[in-house]
Amino acid sequence: MSDLELLEGIKNNDQAAFKYFVEKYQRLVYRVVFNIVNDPDDADDITQDVFIEVYRNISDFRADSKLSTWMYRIATNKALNLLKKNRRKNLFQRIDSFFYSDDDKPVQIADEFIKEPSNGIEQDELTAILRKAISSLPDNQKIAYTLHNIDDLAYNEICEVMNLSLSAVESLIHRAKKNLQKKLAEYYHS
Amino acid sequence: MFEMKCNKLYNEIKKGRFMVTDNNNSESGNNPICNCSDCKSLLVFMHKSLLIDNNNIEVKPFLYTRIMSRMENHSVNKRKSFQFVLQQAYVIILILFCVGGGIIVGNISSDKIISNNETSVTKTLNENFFFSDLEAENNELFSELESNN
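Conventions we followed
Residues numbered from 1 in each chain as written. Chains lettered and ligands numbered in written order. Predicted model: local features only at pLDDT ≥ 70, side-chain atom pairs only at ≥ 80, totals over all residues. Heavy atoms only, no water. Helix = DSSP H or I, 4+ residues; strand = E, 2+ residues; numbered from the N terminus. Buried < 20%, exposed > 50% of the residue type's maximum accessible area, 1.4 Å probe, protein only. Contact = heavy atoms within 4.5 Å. pLDDT = per-residue confidence, 0-100. Core = buried A, V, L, I, M, F, W, Y, C linked by side-chain atoms within 4.5 Å. Domains from an automatic or database assignment.

**Quick look at the overall build of chain A**
Across its full length, chain A carries eight helices and zero strands. Beginning at the N terminus, the succession of helices and strands in chain A can be written as α-α-α-α-α-α-α-α. Residues counted as buried form 47% of the 190 residues belonging to chain A. A separation of at least 24 residues holds for 60% of the contacts in chain A among residues at least 6 apart in sequence.

**Considering the confidence of the model for chain B**
Residues and elements named next belong to chain B. Summarising the model, chain B shows a mean pLDDT of 71, and 52% of its residues fall at 70 or more. Mean pLDDT per element in chain B: helix α4 (residues 133–136) is the minimum at 59, and helix α3 (residues 63–128) is the maximum at 84. Counted against residues more than four places away or in other chains, residues 16–32, with its pLDDT under 50, gives 38 contacts.

**Notes on the nonpolar core**
Ranked by size, the top nonpolar core spans 52 residues in total, and within it Phe18(A), Phe21(A), Phe51(A) and Leu147(A) carry the most contacts. At the level of secondary structure, the elements contributing two or more residues to this core comprise α1 (3–11), α2 (15–37), α3 (40–56), α4 (67–100), α6 (139–150), α7 (155–162) and α8 (166–185) of chain A together with α3 of chain B. Domain assignment of the residues forming this core places at least three in each of domain 1 (1–104) and domain 2 (112–190) of chain A. Ignoring any residue separated from it by four or fewer positions in sequence, one finds Phe51(A) in contact with Phe18(A), Phe21(A), Val22(A), Tyr25(A), Gln26(A), Val29(A), Met71(A), Leu63(B) and Ile67(B). One finds Leu126(A), Tyr145(A), Met46(B) and Leu50(B) within the second-largest nonpolar core, a separate group that totals 14 residues.

Dropping the structure here:
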């Protein structure tokens, strides 16, 4: 079933078409969202939100861009909204903990990786470290970097998803790489 | 597993000294990354691991079912909230109607009372103050006067 047929099916309230559509795009949406929010439960919730929004606003899709690009845009916007919401919540929690909590030690990225000494490096550990470093990037850089380096989107596709010019996307990705390098090397300064 | 001779980066990570800060704007001239091939390949390995990890990400099962149930719940909630709004509106309209009705009925009855009072006052005034002296005068008195004259 092509995307156009799927779209027509969904517009005509064809449940089978929508089911096929969800199964076709669920991994793509979930991965994009997970790479931004870095939490499986949040990613799952947002994935559901994305498909619900697609179902409700399918008539608004003008097919100027690819369906996947539209999905990427909705997914990144929803993920960004969640990050902003979480940041506001964290701010209130921090204000709260400032008054009430006594053990607010800063969370270090390596906290969860101090394990038994071993000769080799576990892949999972490294992945988690890199994920943490990516999640600490500014939102725009994080999205541009993950879309390009992890989801393997071309620059022009990222431009459409993020609604930015090519030079802006290039600059974001460049700055993201520099920042990541800095973050991965920060221990030398400490 | 990734084996490397230079464990500088990894040892520091294990000691907990690898910390991510939000200091994105600090422009340090010298790049402190260990430039040895081991550390560089560690970074490459990290990125590859991330890509592999990304490919292994699996969505929780029955996503479609969960989406549909959420949409149904949402429409039920929407219907419920619509019903709730309708109920509220009905109660408000009923209260307004009762209050308005009460005011109207009150006005009508007070008008009646006032008009009743007005007629009684007029009556009283007529009876007490506006009677003619001549009318009230006993006619017999005049006749008596005439006869006396």
